[in-house]
Structures are given as C-alpha cells and as structure tokens.
Amino acid sequence: MKLSILLKRVIFIGVLLAIWQGVYMSGYFPAIQFPPPTKVFQAMVEGFADGKLVSALLASFKHLLIGLGLAIGIGTLIGVLLGKSRQADETAGMYLIAMQSIPSIVWVPLAIMLIGLNETAVIFVVVLGGTFVMALNTRTAIHSVPPEFIKAARTMGTKGMRLFFKVEVPASLPYFMSGIRLAWAFSWRALMAGELLSNGPGLGYSLRYAMDFAQMEVVIGIIIIVGVIGSVVDQLIFSKMEKKVMRRWGLLK
C-alpha cells in the first residue's frame, strides 16, 4: 500500500473520531446513549483483557468456517448443475435469485423453529447466507466460458469430464473466485444476524447482551470489531486471491 493512501485513511479516521468526540461534547445525546471514543476503546481493551471478546471471536469464527465451507461446497454443486443443465436452469434457475434476495435475518426464526436455539441454527443461517450467492456466481462462471474454448478442445478429442476439468474449470476460475469473495461477505453478515437471536456464544450474542444491559460502549465496540474484521479479511485474503487469479488470466493489468 502506498504511503499516501495510508495517510489519507489515517486522516479520514482521525476526522471521524474528532466528529464523534464533538457530538459527545455537545451534550445532544445522553452519555449512556452516546459514549465518547475513549470509553468505547476502554471497553474494547477490557473485553479482550478479560477474555470475553476473545471467546466470542473464536466462537464466531468457528460458526463462520463451518458455515462458509458448507456454503461454498453446496453452492458450487448447485451452480455447476444449473450451469451445465439447461433443463435444471430453466426450472430452478429463476428461484435462485429469489432465494438470494431474502435477507439472512429472515431465516433465523425458521432455523430456531426447525433446529432450536443453539449453535447449529446459527451455522444453518450462515450456510443459507452464502450458498445462493455462491451458486449464482458458479452458474455465471460456467456460462462465461468462451464457446471457442470448448469447440477447440472437442476438435482435439477432449470431451466429458476431461473437458470440464481441463477447459471449463480453469476458464471459469475468475468468476468462481468472485463467488467465494461474495460468499464470505454474505456469510459474515448472516453470522451476525444468526448470533443476534441465539443464546450464544459469539460476537452477535455479545452485542445483544450488551444492548440488553445498556452497555452502549460495548455495543459500539463490537460493531467496530465486526466492521474491522470484515474489511481486513476481505482485503488481506479474498480480495488478493481474486486479483491474483484475474491478473493471471489477463483480466487485470
């Protein structure tokens, strides 16, 4: 990252903190509703020091890794089926977009009634949050393979599963990587929605617990942690993976 870009981002954060402190000092909101940045930072430090936030983070990452792994696997299978079968695509393809448009929070009551108020229900919501976007991108990836590639491979005697794995899979990899990145983002949001209404553990549960006891500094602190984790993981892992693949395939300079 260039130093100038980093400097701009640091200045932007500094301005936001100054505005935040200014609003607090104005007295427009009661301190219990709008704590200053220093109090939020102190709450975050204490949460990590006593291990509560660490435990919540580990629980959330456990839910995420299981749910995201299942979402990528199931979504890929559905996407390949729709991408390779015209009958399946014409029959079920249109409903995939409908399922994707359903907010993750809507699945939570269904998960609780079917599975119960436990961690499995949270993972179920995470799976649903990431599966459909993964399936849509996988289907697009299969459809995006240039017909010339397939025709050229067939003229050289390549067909069946060999054609799929040797030609179609490599050609569709950039869209597939975009699907994984989106599946991560949707699963992370679904995780928070599921944990908010669960009986713990997890960041979402800790957020609701703090809200119930009017610990606004903890609420804001957890919101900041959720946003920072989402941004850092995307930029350091999934964004780099996607750009690396797209650059190798000649889609980026």
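Here is what the cut-offs are and how they apply
Residues numbered from 1 in each chain as written. Predicted model: local features only at pLDDT ≥ 70, side-chain atom pairs only at ≥ 80, totals over all residues. Heavy atoms only, no water. Axes fitted to C-alpha atoms, helices over the stretch in contact; angles between N-to-C directions. Helix = DSSP H or I, 4+ residues; strand = E, 2+ residues; numbered from the N terminus. Parallel < 35°, antiparallel > 145°, perpendicular 65-115°, else oblique. Contact = heavy atoms within 4.5 Å. Nonpolar A, V, L, I, M, F, W, Y, C, P; charged D, E, K, R; others polar. UniProt positions renumbered as here; feature names shortened; annotations may be inferred. Left-handed = near helix turned anticlockwise from the far one by under 90°. Salt bridge = Lys/Arg side-chain N within 4 Å of Asp/Glu carboxyl O. Buried < 20%, exposed > 50% of the residue type's maximum accessible area, 1.4 Å probe, protein only. Expected span 1.5 Å × (residues − 1). Bend = angle between axes of the 7 residues up to and from the residue. Core = buried A, V, L, I, M, F, W, Y, C linked by side-chain atoms within 4.5 Å.

**Focus on the packing of helix α8 (residues 160-196) against helix α10 (residues 216-248)**
Here α8 crosses α10 at 170 degrees, and the two axes come no closer than 9 Å. The angle between the axes of α8 and α10 places the two elements in the roughly antiparallel class. Where α8 approaches α10, its residues L173, P174, M177, S178, I180, R181, W184, W188 and M192 are matched on the opposing element by V226, I229, G230, V233, D234, Q235, F238, S239, M241, E242, V245 and M246. Across the contact of α8 with α10, the residue classes break down as 14 nonpolar, 4 polar and 3 charged.

**What about the UniProt feature "domain: ABC transmembrane type-1" (unreviewed entry) in the protein?**
Per the UniProt entry, the sites bearing "domain: ABC transmembrane type-1" (unreviewed entry) are residues 57-237 in this numbering. Secondary structure across residues 57-237 comprises 87% helix and 0% strand; the distance between its end C-alpha atoms is 18 Å.

**Here's the deal with the packing of helix α6 (residues 119-143) against α8**
The geometry of α6 relative to α8 is characterised by a closest axis approach of 7 Å and an angle of 155 degrees between their N-to-C directions. Between α6 and α8, the angle falls in the class roughly antiparallel. α6 and α8 meet at a crossing whose hand is right-handed. Grouping the amino acids of the contact of α6 with α8 by side-chain chemistry returns 16 nonpolar, 10 polar and 2 charged.

**A look at the environment of I11**
Mapped onto the elements of the fold, I11 is located in helix α1 (residues 3-26). C-alpha separation for the pair I11 and G194, spaced 183 residues apart in sequence, amounts to 35 Å.

**Observations concerning the pattern of salt bridges**
By the definition in use, this model includes 6 salt bridges. D234 is paired through a salt bridge with R181; the nearest N and O atoms lie 2.8 Å apart. Here the residue D234 occupies a position in helix α10, and R181 occupies one in helix α8, the gap between them amounting to 53 residues. Accessibility expressed as a relative area gives 12% for D234, which makes it buried. Of the charged contacts in the structure, one is a salt bridge between E242 and R181, with a shortest N-O distance of 2.6 Å. Placement of E242 in helix α10 and of R181 in helix α8 is noted, with a sequence separation of 61 residues between them. The exposure class assigned to R181 is partly exposed, which follows from its relative accessible area of 23%. Each member of the salt-bridge network shares a partner with another, and the members are R181, D234 and E242.

**Things to note about the UniProt feature "transmembrane region" (unreviewed entry) in the protein**
Those places that UniProt annotates as "transmembrane region" (unreviewed entry) correspond, in this numbering, to residues 63-82, 94-115, 121-142, 163-186 and 218-238. The span residues 94-115 is 86% helical and 0% strand by assignment, and the distance between its end C-alpha atoms comes to 28 Å. The span residues 218-238 shows a helical share of 100% and a strand share of 0%, and its end C-alpha atoms are spaced 29 Å apart.

**Regarding α8**
Taking 1.5 Å of rise per residue, 37 residues should cover 54 Å, yet α8 covers just 46 Å from first to last C-alpha, more than 12% shy of that figure. Within α8, the axis deviates most sharply at L173, by approximately 55 degrees, and proline P174 lies no more than four positions further along.

**Notes on the nonpolar core**
Ranked by internal contacts, the top residues of the largest apolar core, which has 32 residues, are W184, W188, L191, L203, I225 and I229. Counting residues per element, the ones that place at least two in this core are α2 (37-49), α3 (52-84), α6, α8, α9 (203-212) and α10. The element best represented in this core is α10, accounting for 9 residues. Ignoring anything within four residues of it in the chain, the contact list for W188 reads L64, L203, V226, I229 and G230. Counting residues in hydrophobic clusters, the runner-up holds 13 residues, among them L82, W107, V108 and A190.

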